[in-house]
Amino acid sequence: MSEPLRIGILGAARISGASLIGPARATGHRVVAVAARDRARAEAYAAEHGVERVAGSYTELIADPEVEVVYNPLANGLHGPWNLAALAAGKHVLSEKPSASNAEEAAEVREAAAKAGTVFMEAFHYLFHPVTRRLHEVLASGEIGELRHVEAMVAIQAPADTDPRWSLPLAGGAVMDLGCYSLHALRMLAPWAGGAPRLVSARGGQRAGAPGVDEWLDADLAFPGGATGSARCHMAYDRLEMSCRIIGSRGEVLAPNFVLPHRDDRLVVRTEDSERTERLGSRSSYTYQLEAFADRVRGGAPLPLDADDAVTTMTLIDSAYRSAGFEPRPRVS
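Definitions and cut-offs
Residues numbered from 1 in each chain as written. Predicted model: local features only at pLDDT ≥ 70, side-chain atom pairs only at ≥ 80, totals over all residues. Heavy atoms only, no water. Helix = DSSP H or I, 4+ residues; strand = E, 2+ residues; numbered from the N terminus. Buried < 20%, exposed > 50% of the residue type's maximum accessible area, 1.4 Å probe, protein only. Contact = heavy atoms within 4.5 Å. Areas by Shrake-Rupley, 256 points an atom, 1.4 Å probe, with all protein chains shown as cover. Phe/Tyr/Trp six-rings, centres within 6.5 Å; stacked < 30°, edge-to-face > 60°. Core = buried A, V, L, I, M, F, W, Y, C linked by side-chain atoms within 4.5 Å. Pairing = 2+ DSSP bridges. Axes fitted to C-alpha atoms, helices over the stretch in contact; angles between N-to-C directions. pLDDT = per-residue confidence, 0-100. Parallel < 35°, antiparallel > 145°, perpendicular 65-115°, else oblique. Nonpolar A, V, L, I, M, F, W, Y, C, P; charged D, E, K, R; others polar.

(A) Structural context of the overall build of the protein. Looking only at helices and strands, one finds nine helices and 14 strands in the protein. Seen along its three principal axes, the alpha-carbon backbone of the protein occupies a region of about 60 × 50 × 40 Å. When each of the 333 residues of the protein is scored for burial, the buried share is 59%. Taking the contacts inside the protein whose residues are at least 6 apart along the sequence as the reference set, 67% of them involve residues at least 24 apart. Within the structure as shown, the protein displays about 13,300 Å² of accessible surface, and the carbon and sulfur contribution to it stands at 49%.

(B) Region of the structure containing the packing of aromatic side chains. The full count for this structure, using the stated rule, is six aromatic pairs. Seen in terms of ring centroids, tyrosine 58 and tryptophan 82 are 5.2 Å apart; in terms of plane orientation they differ by 85°. Their pairing is edge-to-face. A residue pair is termed long-range when its members are at least 10 positions apart, and tyrosine 58 in helix H3 (residues 58-63) and tryptophan 82 in helix H4 (residues 79-88) qualify at 24 residues. Relative to tyrosine 181, the ring of phenylalanine 124 has its centre 5.5 Å away and its plane inclined at 85°; by these criteria the two rings are edge-to-face. Pair noted here: phenylalanine 124 is in the loop between strand E6 (120-122) and helix H6 (130-141) and tyrosine 181 is in helix H7 (residues 174-187), with a separation of 57 residues, a long-range link. Under the relative-accessibility criterion, tyrosine 181 is labelled buried at 6%.

(C) Spatial organisation of the nonpolar core. Within the largest apolar cluster, 92 residues are counted, with the highest numbers of intra-cluster contacts made by Leu217, Ile246 and Phe258. Considering each element in turn, this core owes the most residues, nine residues, to H7. Ala55, Tyr58, Leu74 and Ala86 belong to the second largest nonpolar core, which has 20 residues in total.

(D) How the structure looks around the sheet that holds strand E2 (residues 30-35). The strand order E3-E2-E1-E4-E5-E6 describes an open sheet built from six strands, whose pairing is parallel. Edge strands, defined here as strands with exactly one partner in the open sheet, are strand E3 (53-54) and E6. Inspection of the sheet shows E2 paired to E3 by two bridges, in the parallel sense. Of the residues in E3, the one forming a bridge with valine 34 is valine 54. Against the sheet, H4 engages strand E1 (6-10), strand E4 (69-72), strand E5 (92-95) and E6, with an angle of about 165° to E5.

(E) Examining the side chain of histidine 92 more closely. Within the secondary structure layout, histidine 92 lies in strand E5. Look at histidine 92 and you get buried, because its relative accessible area is 16%. Setting aside residues no more than four positions away along its own chain, histidine 92 makes contact with Glu68, Val69, Val70, Thr118, Val119, Phe293 and Val297.

(F) The environment of alanine 174, seen in detail. Relative to the elements of secondary structure, alanine 174 occurs in helix H7. In this structure, the C-alpha to C-alpha distance between alanine 174 and alanine 123, residues 51 residues apart in sequence, is 17 Å.

(G) Summary view of the confidence of the model for the protein. Put simply, the protein has an average pLDDT of 97, and 100% of its residues get 70 or more. Looking over the protein, one finds the lowest element-wise mean pLDDT in helix H2 (residues 39-49), namely 96, and the highest in strand E9 (residues 214-222), namely 99.

(H) Examining the packing of H4 against helix H5 (residues 103-116) more closely. The N-to-C vectors of H4 and H5 enclose an angle of 10°; their axes lie 9 Å apart at closest approach. It follows from the interaxial angle that H4 and H5 lie roughly parallel. Listed contacts from H5 to Gly80, Pro81, Asn83, Leu84 and Leu87 of H4 are Glu105, Glu108, Val109, Ala112, Ala113 and Ala116. Looking at the contact of H4 with H5, its residues break down into seven nonpolar, two polar and two charged.

Below, the structure written as C-alpha cells:
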C-alpha cells in the first residue's frame, strides 16, 4: 500500500464514524485530527473514535501541516465556506454533498480547487459501490434494451425539528440532504441517454414551521435520447426508501437501496422471459469511496467526480427549487 492519507475532520458529526473513520480504519489511512466548535465535544469524539489529536478550531485544523486531506461533513451551509478555506490552504478536500449552498458558491469552490491544484471531490459515495456499477453495466449491456424511464426515490423519516437539515440559513431541505442523490443518479445515466437530462418541472411541499424549507420535492426530467426521469425526495416519509429503477424497452433493473447498499446489496433484473437477483456485497460504499479518493491523491487515478460535476449538480438543484416555487439556498452570511 502507498503512504496512508493524513486526514482531518471538521466537526464531530455522527456520520463521520460510518462515512470516514470506519473506512479509514479498514483501509489503513490515518485520521490525525478533529476539530469542533466545542473542544470538549471534540475531545470526547477523538477518544471514542481513536482520532490522534484535537485541533483547537476549524482554522487550526486546516492550517495543520500534518493534515493533507480535509473531510467536511458540517451542516450544508458550512460546506462552501470551509471547502474554500481548506482549498486556499492547499489541502485535498473530500466534502459531503452538496459542495456549497447554491450554484454560484459551487462555482467559487471549483475555481478555488483549480487554483489550489489539489483533489476536490463531493462525497457521492454510492457511485463507487458495485451495486451502482452493476446497475450501469446492465443498462450498457443492452439486456433491458434502450433506456425509456428512470425513477429514483430517496426518503427518510423526519429528523427532529431542531435538526440543522430543517434550517434555511444552514441550507437545509429535502433536496439538499436527499434529492441531490436522486438528481445525481439520473445525471449519471447520460452516457446511455443521449446526453445529460434537463429539468422539465418540479413540485414540492414546505415543512410546517420552517418557511422556505422543502419537506419533499418531485422533479421530472427528460433526456436528449427521449427517455424520461423522475427524481423524488422526502424528508418526512413513513419509512426509509432509497431506490433506483431503470426501465428499458425490454426489461428493467432495480436497486432497492442504491444510496446505502451495505444495508441491501440486491440488484433485481427483470426481462420478458426471466428474473434474477444479484447480490453485490455488503462492504460499505464509503470504504470504496475512500479507496478511490486515495488512489487519486497518491497515484493520480481518475475519479468520476470533481468540482465541475459538483457545479452541474448544484445548478440542477437550484433549477428544481425555482421550478417548485422555492428559492435556492442562501449562503451563510
